[in-house]
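Below, each chain spelled out in residue letters.
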Amino acid sequence: MDHQITHNPSFALLEVNIQPGELLVAEAGSMVAKDSHVGMEVKMNAGAKAGFFDKVKAFFIAFVRKIIGGESFFVNHFSAAQPGRVWVAPTLIGQVAHKKLGGGSFVMSSGAFVASMGDVDMKMKFGGLKSLFSKEGLFMLEVSGTGDVWFNSYGGIEEIEVNGTYILDNGHLVGYEGQLEYSLKKAGGGFISSMTSGEGIVLEFSGQGKIYMQSRNIPSFVGWVANMLP
Amino acid sequence: MNFNVMYRPSGAMAQVQLEGGEQLLAEAGAMIGMSPNMNMETQAKGGVGAGLKRMFSGESFFQNTFTAMNGPGEVLVAHSLPGDIVSIEVPQSALMIQSSSFIASHMGVTTSAKVGGFKTFFAGEGLFALRSEASGPGQQVLVGAFGGITEMQCDGNLVIDTGHLVAWDAGLTYKTQKSASGWLASFLSGEGLVCQFEGQGRVWIQSRNPREYGTLIGRQLPPA
């Protein structure tokens with residue numbers, strides 16, 4: 001496998017050259033182009049090691065999400081008997097970044113997953129209220145194993161090395177390494193100052209590892225557009 | 001005539017330099033700026049019929065002709081969406097352009113709406129594709145897109161998501177088809193319909209799908 005990302009940071013396009021025997025897993029709907037001989041198969045995003053119950057749960061969620069909208073829990077599997085190319089791109093205006101997984105896990109906010117290759121297992125992580133209030137969606141996607149992962153953002157992606165604690169505004173999280181933990185906090189000291197600062201709720205990460213943040217957030221943009229509508 | 005594209009790929013603008021007497025044909029509303037010796041004339045090129053056909057294809061009824069009077073001049077043109085612009089030399093075998101991508105061309109290029117029929121209708125690209133033909137070599141068109149533009153070589157076979165198509169050499173044969181073998185798989189795969197190209201030639205794609213982006217943002221807006 002070799003890959004190339006062009007048009008970063010605003011309109012990233014990922015090109016992956018697949019060798020025989022390799023399998024590229026990509027977010028449903030993200031394919032831009034492919035060589036005709038590259039096969040595509042739609043699969044449910046439940047993870048290879050998921051049990052029966054997990055699969056039923058995943059299918060139910062996947063189907064509901066597909067109907068009501070939101071990120072898809074279906075993925076497409078690309079493979080080829082002879083070397084072939086696949087181009088994929090996310091929907092949002094932003095960057096695509098590449099990360100090598102070396103046994104650890106990586107958690108992405110909803111919609112950040114673009115593609116993966118290698119011995120990578122995927123599972124949905126129910127974030128609960130914490131995840132909902134952090135504006136990262138109710139579910140996050142956790143990938144683990146060894147291989148390659150590509151993920152996207154709204155805006156540019158900044159990598160931050162955390163050693164101790166780090167504060168991130170909600171809506172700006174793209175992903176974080178699994179050994180990190182986060183909790184929600186008010187941005188300012190009191191409730192009033194927290195609300196008036198325009199920052200509201202923030203995420204406080206602790207531990208050692210990397211977090212990836214995006215330079216723009218969708219709710220802010222949508223709010224601005226909504227104000228412009230007649 | 002010389003095209004110079006700046007601010008690629010997110011906010012591209014084309015600076016067109018014309019010798020005295022040279023003319024540029026541009027989509028209505030594409031002009032951003034021009035030197036004072038440029039003469040702009042608005043017309044429905046090809047008559048009312050051609051104008052109407054253009055309008056249905058998502059282009060404008062009227063087009064503007066810019067002429068450099070008494071010496072060289074320049075015109076700046078751009079596309080309405082955030083994204084890229086490229087200039088393409090129209091080959092002898094003609095060039096196909098996705099209807100909303102056309103920005104401007106040499107006067108020697110004739111661009112007409114081609115009824116795509118059900119095929120393009122289902123492909124979600126609107127009813128029309130445009131066909132540009134050049135009166136001779138060296139004639140160029142400017143095309144704009146949502147996202148970055150990448151030129152691809154179709155060497156035998158290539159599959160492109162219809163929402164990402166910008167332009168292709170007319171010498172290529174193409175058909176739209178389901179992305180997967182069954183309708184349910186096509187729907188779940190999220191790819192819907194794709195364009196299957198065959199032959200030897202170039203295909204230009206845009207790295208973002210405007211309809212998908214619009215749907216994603218639109219869904220989050222408050223109901224009107």
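All values derive from a computational prediction rather than experimental measurement.

**Looking at the interface of chain A and chain B**
(1) Moving on: The partner chain B presents 40 residues to the 37 residues of chain A that form the contact.
(2) Moving on: Together, the buried faces of chain A and chain B total about 3200 Å²; carbon and sulfur atoms form 66% of this surface.
(3) Moving on: The interface formed by chain A and chain B includes zero salt bridges.
(4) Moving on: On inspection of chain A and its partner chain B, the count reaches 12 residue pairs in polar contact (both at pLDDT 80 or more).
(5) Moving on: Those elements giving two or more residues to the side of chain A that touches chain B turn out to be strand E4 (31-34), strand E5 (39-44), helix H1 (52-68), strand E6 (74-79), strand E7 (84-88) and helix H4 (218-228) of chain A.
(6) Moving on: A total of five residues in the side of chain A that touches chain B trace back to one element, the largest contributor, which is H4 of chain A.
(7) Moving on: By residue class, the composition of the side of chain A that touches chain B is 23 nonpolar, 10 polar and four charged.

**Considerations on the packing of aromatic side chains**
(1) Moving on: Tallying each qualifying case throughout the model produces 12 aromatic pairs over all chains.
(2) Moving on: Taken together, a centroid distance of 5.9 Å and an interplanar angle of 50 degrees make the contact between Tyr 154 of chain A and Phe 221 of chain A tilted. In this pair, Tyr 154 of chain A is assigned in the loop between strand E10 (139-152) and strand E11 (157-169) and Phe 221 of chain A in helix H4, connecting sequence segments 67 residues apart.
(3) Moving on: Considering the side-chain rings of Tyr 176 of chain A and Tyr 182 of chain A, the 5.7 Å spacing of their centres and the 80 degrees angle between planes classify their relative orientation as edge-to-face. The residues Tyr 176 of chain A and Tyr 182 of chain A share a single accessibility class, namely buried.
(4) Moving on: Through a chain of ring-to-ring contacts, the aromatic side chains of Phe 11 of chain A together with Phe 146 and Tyr 213 of chain B assemble into a single cluster.
(5) Moving on: Lying over the aromatic face of Phe 106 of chain A, Lys 99 of chain A brings its terminal NZ or CZ to 5.3 Å of the ring centre.

**Comments concerning the sheet that holds strand E2 (residues 13-18) of chain B**
Residue and element names in this part refer to chain B.
(1) Moving on: Taken in spatial order, the four strands of this open sheet run E1-E2-E7-E4, and their pairing is antiparallel. In this open sheet, the two edge strands, each paired with only one partner strand, are strand E1 (2-6) and strand E4 (31-34). Pairwise comparison of adjacent strand axes, ignoring direction, gives a mean angle of 20 degrees for this sheet.

**Remarks on the sheet that holds strand E5 (residues 38-43) of chain B**
Residues and elements named next belong to chain B.
(1) Moving on: As summarised here, the arrangement of the six strands in space is E5-E6-E3-E10-E13-E8, forming an open sheet in which the pairing is antiparallel. At either end of the open sheet lies a strand with only one pairing partner, and these are E5 and strand E8 (85-89). Pairwise comparison of adjacent strand axes, ignoring direction, gives a mean angle of 20 degrees for this sheet.
(2) Moving on: Relative to strand E6 (residues 63-68), strand E3 (residues 23-27) runs antiparallel, the two being bridged by five bridges. Within E6, the position partnered with Glu 27 by the bridge is Gln 63.

**Considering the side chain of Asn 209 of chain B**
(1) Moving on: With respect to the secondary-structure elements, Asn 209 of chain B resides in the loop between strand E17 (193-206) and helix H4 (210-218).
(2) Moving on: Look past the residues within four positions of Asn 209 of chain B in its chain and what remains in contact with it is Phe 146, Asp 161, Gly 163 and His 164 of chain B.

**Concerning unusual backbone geometry**
(1) Moving on: Geometrically, the link from Asn 8 of chain A to Pro 9 of chain A is a cis peptide bond, its omega value of -5 degrees lying close to zero.
(2) Moving on: Locating Pro 9 of chain A in the fold gives a position in the loop between strand E1 (2-6) and strand E2 (13-18).
(3) Moving on: For the peptide bond that leads from Arg 8 of chain B to Pro 9 of chain B, omega is -10 degrees, which places it in the cis range.
(4) Moving on: Following the sequence through the fold, Pro 9 of chain B ends up in the loop between E1 and E2.
(5) Moving on: In this structure, His 7 of chain A takes a positive phi of about 60 degrees despite not being glycine.
(6) Moving on: Mapped onto the fold, His 7 of chain A is located in the loop between E1 and E2.

**Section: the environment of Asn 64 of chain B**
All names here are of chain B.
(1) Moving on: By secondary structure assignment, the location of Asn 64 is in strand E6.
(2) Moving on: Of the residues examined, Asn 64 reaches a relative accessible area of 8% and is grouped as buried.
(3) Moving on: The contact partners of Asn 64, leaving out residues within four places of it in the chain, are Leu 24, Leu 25, Ala 26, Glu 27, Ala 28, Gly 29, Met 40, Glu 41 and Thr 42.

Rules and cut-offs
Residues numbered from 1 in each chain as written. Chains lettered and ligands numbered in written order. Predicted model: local features only at pLDDT ≥ 70, side-chain atom pairs only at ≥ 80, totals over all residues. Heavy atoms only, no water. Contact = heavy atoms within 4.5 Å. Buried area = accessible area lost by both parts, 1.4 Å probe. Salt bridge = Lys/Arg side-chain N within 4 Å of Asp/Glu carboxyl O. Polar contact = N/O pair within 3.5 Å; in protein donor to acceptor, adjacent residues only side chain to side chain. Helix = DSSP H or I, 4+ residues; strand = E, 2+ residues; numbered from the N terminus. Nonpolar A, V, L, I, M, F, W, Y, C, P; charged D, E, K, R; others polar. Phe/Tyr/Trp six-rings, centres within 6.5 Å; stacked < 30°, edge-to-face > 60°. Buried < 20%, exposed > 50% of the residue type's maximum accessible area, 1.4 Å probe, protein only. Lys NZ or Arg CZ within 6 Å of the ring centre and 35° of its normal. Pairing = 2+ DSSP bridges. Axes fitted to C-alpha atoms, helices over the stretch in contact; angles between N-to-C directions.

Purely geometric stuff here, so don't read any function into it on its own.
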